[in-house]
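Tertiary structure, described
Below are the chains, spelled out letter by letter.
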Amino acid sequence: AEDPEVLVLRSYLSHKFTALQFSSEDITYQPNSGLNAGLGFTFQNLTINLAFPPGFLNRNREADFPRFFDLQGHIYPKNWIIDFFGQFYKGYRIPDGIGDGAKYLRPDLDLLKVGLHANYIFKGDQISMPAAVQQSAIQKKSAFSPLLGFEMYRVQVKADSLVLPAQLSPKQNYQQADFLQLGPNAGMIGTLVFGKGFFATGSFTGNLGLGNAWNQDQQGENENWKLCWGYHARAYLGYNGPRFGMNVNYIHKSLILPTFGNLTQEVYTGNYRFVLVYKIHPAQKFATSFGKYNPLRIFRK
């Protein structure tokens with residue numbers, strides 16, 4: 001049951017990250033991200049959330065690392081799930097070090113990832129993502145549906161020196177590389193409704209696509225198209241009532257990049273959130289005024 005005239009107010013804690021993993025070398029670079037505190041609202045199908053990382057919740061972050069920007073957009077038109085990724089990370093670290101236990105810091109290591117992930121829900125009239133995510137609707141019956149879609153990504157990795165630590169003597173190494181990957185995906189989505197207002201929603205899709213890499217290293221492989229795979233998973237668990245709601249959720253995207261020789265590499269993105277919501281029906285005068293300035297009105301014409 002959808003009600004665009006209900007105003008959903010939310011507060012939340014979240015942790016977003018994009019990590020770079022070289023499984024062949026047993027190395028994972030973690031970004032200098034932390035825990036964010038945020039506020040947001042949903043009204044007339046428009047959702048806006050703003051968050052920042054309070055210092056007292058992030059005492060282990062590197063204070064002198066460059067700033068980064070992580071934009072993850074997740075929108076849910078009827079019968080569709082669409083995810084946008086625009087992530088510009090500067091500065092990575094290996095918290096446990098690479099030998100002596102001391103942190104290995106790379107403030108010069110940059111990672112850019114932009115992409116689109118879209119799925120069509122075949123039984124979209126039975127499954128409500130707004131009910132699970134924004135809690136601006138309430139799903140009353142359990143349902144399951146297959147998914148089919150498409151995705152594409154561009155990833156760039158660069159640093160002031162070789163990306164992998166030279167002291168590990170890796171067989172392959174590089175200072176800068178670009179990756180392009182695109183192809184279809186397929187999977188399943190489902191929602192279980194139990195008790196009065198309690199729910200669990202989850203989806204999983206796997207993708208198999210073509211990937212290409214451009215490597216500045218003369219020993220690297222340039223413009224060599226290869227089959228690559230990855231997966232996308234999301235889970236929401238919570239309570240969604242007429243006045244109050246809460247949920248814990250996690251979104252994860254794993255993108256296996258084209259290899260360089262024996263060097264296997266992966267970029268994986270995650271977003272953990274704990275959300276509390278409160279719902280009200282504002283006065284008609286407010287609703288009418290808001291509707292005049294709602295940027296989504298251009299799509300209704």
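Attention in this report is confined to the structure presented alongside it.

What counts as what
- Residues numbered from 1 in each chain as written.
- Predicted model: local features only at pLDDT ≥ 70, side-chain atom pairs only at ≥ 80, totals over all residues.
- Heavy atoms only, no water.
- Salt bridge = Lys/Arg side-chain N within 4 Å of Asp/Glu carboxyl O.
- Helix = DSSP H or I, 4+ residues; strand = E, 2+ residues; numbered from the N terminus.
- Buried < 20%, exposed > 50% of the residue type's maximum accessible area, 1.4 Å probe, protein only.
- Patch = residues over 30% accessible without salt bridge, like charges linked within 9 Å, V, L, I, M, F, W, Y side chains within 5 Å.
- Areas by Shrake-Rupley, 256 points an atom, 1.4 Å probe, with all protein chains shown as cover.
- Core = buried A, V, L, I, M, F, W, Y, C linked by side-chain atoms within 4.5 Å.
- Contact = heavy atoms within 4.5 Å.
- Pairing = 2+ DSSP bridges.

Focus: the pattern of salt bridges
Enumeration over the complete set of coordinates arrives at 7 salt bridges. Between E62 and R93 there is a salt bridge, and its shortest N-O distance comes to 3.0 Å. Linking E62 in the loop between β4 (46-52) and β5 (69-75) with R93 in strand β6 (residues 80-94), this pair joins segments that are 31 residues apart in sequence. You can call E62 buried: its relative accessible area is 12%. Assessed through its relative accessible area of 11%, R93 is described here as buried. Among the ionic pairs, D178 bridges to R154, the shortest N-O distance being 2.4 Å. Here D178, found in strand β9 (residues 176-194), pairs with R154, found in strand β8 (residues 143-158); they are 24 residues apart in sequence, far enough to count as distant. The exposure class assigned to D178 is buried, which follows from its relative accessible area of 14%. Residue classification places R154 among the partly exposed residues on the basis of a relative accessible area of 35%.

Observations regarding the side chain of T205
With respect to the secondary-structure elements, T205 resides in strand β10 (residues 198-215). The class for T205 is buried, based on a relative accessible area of 3%.

Details of a nonpolar patch on the surface
Where nonpolar side chains cluster on the molecular surface, the patch consists of L13, F56, L57, F144, M188, L192, F194, F198, L237, V248, F274 and L276 and spans about 1100 Å² of accessible area. Mapped by element, the contributors of at least two residues to the nonpolar patch are β9 and β13 (263-280). In terms of residue count, the dominant contributor to the nonpolar patch is β9 (3 residues). Inspection of the secondary structure assignment puts L237 in strand β11 (residues 226-240).

Here's the deal with the nonpolar core
In this structure, F22, Y29, V157, V163, Y174 and F179 are the most contacted members of the largest nonpolar core, which totals 26 residues. Residue assignment for this core shows that the elements contributing at least two residues are β1 (7-22), β2 (27-31), β6, β7 (104-121), β8, β9, β12 (244-260) and β13. No other element matches the 4 residues that β6 contributes to this core. Once you skip the residues sitting within four places of it in the chain, V157 turns out to touch L20, L109, D110, L111, V163, Y174, Q175, Q176, A177 and F179.

Brief notes about the pairing of β1
Across 15 bridges, the pairing between β1 and β13 is antiparallel. Directly across from L9, in β13, lies its bridge partner Y278. Pairing geometry for β1 and strand β3 (residues 36-43), over 7 bridges, is antiparallel. By the bridge assignment, R10 is partnered in β3 with G40.

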